[in-house]
Amino acid sequence: MTVANVATVGVHIVDILARPVEHIPEGQDTVLVDQIRLTAAGAAAGTAVDLVKLGNTVVTMGAVGDDELGDFLVAVLGRRGVDATRLVRRAGEQTAASILPIRPDGGRPSFHVPGANLGVTYADLDVPALRAARAIHLGGMDVTFGLGDPEFFALLDSVRAAGTIVTMDLLSEMPDLLGPARAFLPHVDYVLPNESQVLLMTGERSVADAARALLADGPRGVLVTLGESGSLVVTGDSAERVPALKTDVSDTTGCGDAYCAGFITGLLHGRDVLTAARWGTAAAARVATGLGSDAGLTDLESTLALL
């Protein structure tokens, strides 16, 4: 079995997307749409698919239900080139899923069931595979409560000391979940929240102050994604804005996951943090052009051609 150079850990979701949706019909009325897709999504699964498209070998870890949605998720991850053999199947539990009616402007309200993600624990992880990876991406630590474990923190500290890059993204916009996720920050290199998340995590009023507050918890850098305004990259004494790339936005689902994938890929190619953030920006721009968390992104060369 090929050793993966990136391991993603955390949230795995099946997304059911429809586009365009301007309203929910009354009663049992039907509205015709242009497109419906099912995709592998979530801060671990969606990022894993994007990482493979950008040329990485990837193993993903977490939990899904022993149900039809779980069957689909495992199958589609395999078709996309992700090693999903370490995913735990939970008997009697539902695989996490979201229904996303995508508005004409690309906005994405959602209906979500968290499912098996809530029960992921350190015991579910393949420690040798994590130790073998050059990068570990923690996706959705605000909802995978069981991973806030001293044993997992010790593992992260150990692999970082050996040169592995550890990044972290978040899923929710709920203060009661985001606050405890700060416990991971001393054990990661880079955290990549969106604007709402960084403000909710810290209680600060400005994104820059909020990013500084998270930086004080111990990571090497905080990268705040700001939608059409790009991202803010805060490291040490530096805070620099990376502008978004102009693109025809079809659907913003998965843009944050793509940003993470591009950023990680840049770091693994030896690029500095700002350059890696630009790689993330380009990956997010590609994904915004299609429907779903992996749409529009094909390979590293065409992604970097945007820069």
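Residues numbered from 1 in each chain as written. Predicted model: local features only at pLDDT ≥ 70, side-chain atom pairs only at ≥ 80, totals over all residues. Heavy atoms only, no water.

(A) Seen up close, the packing of aromatic side chains. Counted by the stated rule, this structure contains three aromatic pairs. When the ring of Tyr122 is compared with that of Phe152, the centres are 6.1 Å apart and the planes differ by 45°; the resulting orientation is tilted. Remark: Phe152 occurs in helix α4 (residues 150-161) and Tyr122 occurs in the loop between β8 (111-113) and α3 (127-132); sequence separation between them is 30 residues. By relative accessible area, Tyr122 is classed as buried at 16%. By relative accessible area, Phe152 is classed as buried at 1%. For the pair Tyr190 and Phe263, a centre-to-centre distance of 5.3 Å together with 80° between the ring planes defines the contact as edge-to-face. Placement of the pair is Tyr190 in strand β11 (residues 190-191) and Phe263 in helix α8 (residues 255-268), with a sequence separation of 73 residues. Overall, the relative accessible area of 4% leaves Tyr190 in the buried class. (Phe/Tyr/Trp six-rings, centres within 6.5 Å; stacked < 30°, edge-to-face > 60°. Helix = DSSP H or I, 4+ residues; strand = E, 2+ residues; numbered from the N terminus. Buried < 20%, exposed > 50% of the residue type's maximum accessible area, 1.4 Å probe, protein only.)

(B) Region of the structure containing the nonpolar core. If you look at the biggest cluster of nonpolar residues, it comprises 45 residues, and the most contacted ones within it are Leu77, Leu223, Val233 and Phe263. Elements with a contribution of two residues or more to this core: α1 (45-53), α2 (68-79), α8 and α9 (273-287). Once you skip the residues sitting within four places of it in the chain, Leu223 turns out to touch Tyr190, Val191, Leu192, Pro193, Leu232, Val233, Tyr259, Phe263 and Ala277. (Core = buried A, V, L, I, M, F, W, Y, C linked by side-chain atoms within 4.5 Å. Contact = heavy atoms within 4.5 Å.)

(C) Representation of helix α6 (residues 195-202) in the model. Those residues of α6 that sit buried are Gln197, Val198, Met201 and Thr202. All buried residues of α6 lie within an arc of 110° about the axis, which places them on one face of the element. The secondary structure elements touched by the buried residues of α6 are α5 (175-181), α7 (207-215) and β12 (221-225). Regarding α6, its N-cap is Asn194, as a side-chain oxygen of that residue lies 3.1 Å from the backbone nitrogen of Ser196 further along. In the stretch just after α6, Gly203 is the one whose phi turns positive, near 80°. (Arc of directions from axis to C-beta. Polar contact = N/O pair within 3.5 Å; in protein donor to acceptor, adjacent residues only side chain to side chain.)

(D) View of the pairing of strand β4 (residues 58-61). Residues of β4 alternate between two faces, with Val58 and Thr60 on one and Val59 and Met61 on the opposite face, all of them buried. Note: strand β1 (residues 6-10) against β4, four bridges, orientation parallel. Bridge assignment links Val9 to a residue of β4, and that residue is Met61. (Pairing = 2+ DSSP bridges.)

(E) Expanded view of the side chain of His187. Within the secondary structure, His187 sits in the loop between α5 and β11. Judged by its relative accessible area of 14%, His187 falls in the buried class. Among the polar contacts listed, one links the side chain of His187 to the side chain of Asp157, at a separation of 2.9 Å. With near-sequence residues (within four places) excluded, His187 lies in contact with Phe153, Leu156, Asp157, Arg160 and Val166.

(F) Molecular detail of the pattern of salt bridges. The final tally for this structure, using the stated rule, is eight salt bridges. Here Asp217 makes a salt bridge to Arg182, at a shortest N to O gap of 2.8 Å. Here Asp217, found in the loop between α7 and β12, pairs with Arg182, found in the loop between α5 and β11; they are 35 residues apart in sequence, far enough to count as distant. Owing to a relative accessible area of 25%, Asp217 belongs among the partly exposed residues under this scheme. Three or more residues joined by partner-sharing salt bridges are found here, namely Asp66, Asp71 and Arg89. (Salt bridge = Lys/Arg side-chain N within 4 Å of Asp/Glu carboxyl O.)

(G) The arrangement of empty space enclosed by the protein in detail. Per the counting criterion, the structure on display carries one cavity of 30 Å³ or more. If you trace the largest cavity, you find it lined by Arg37, Leu38, Thr39, Ala40, Val49, Val76, Arg80 and Asp294. Here the lining of the largest cavity takes four residues from strand β3 (residues 35-41), the largest share from any one element. Class assignment for the residues of the lining of the largest cavity results in four nonpolar, one polar and three charged. (1 Å grid on protein atoms, 1.4 Å probe; cavity = no way out; pocket = protein on both sides within 12 Å on 5 of 7 lines; lining within 4 Å. Points joined across faces, edges and corners; volume = space filled by probe spheres on them. Nonpolar A, V, L, I, M, F, W, Y, C, P; charged D, E, K, R; others polar.)

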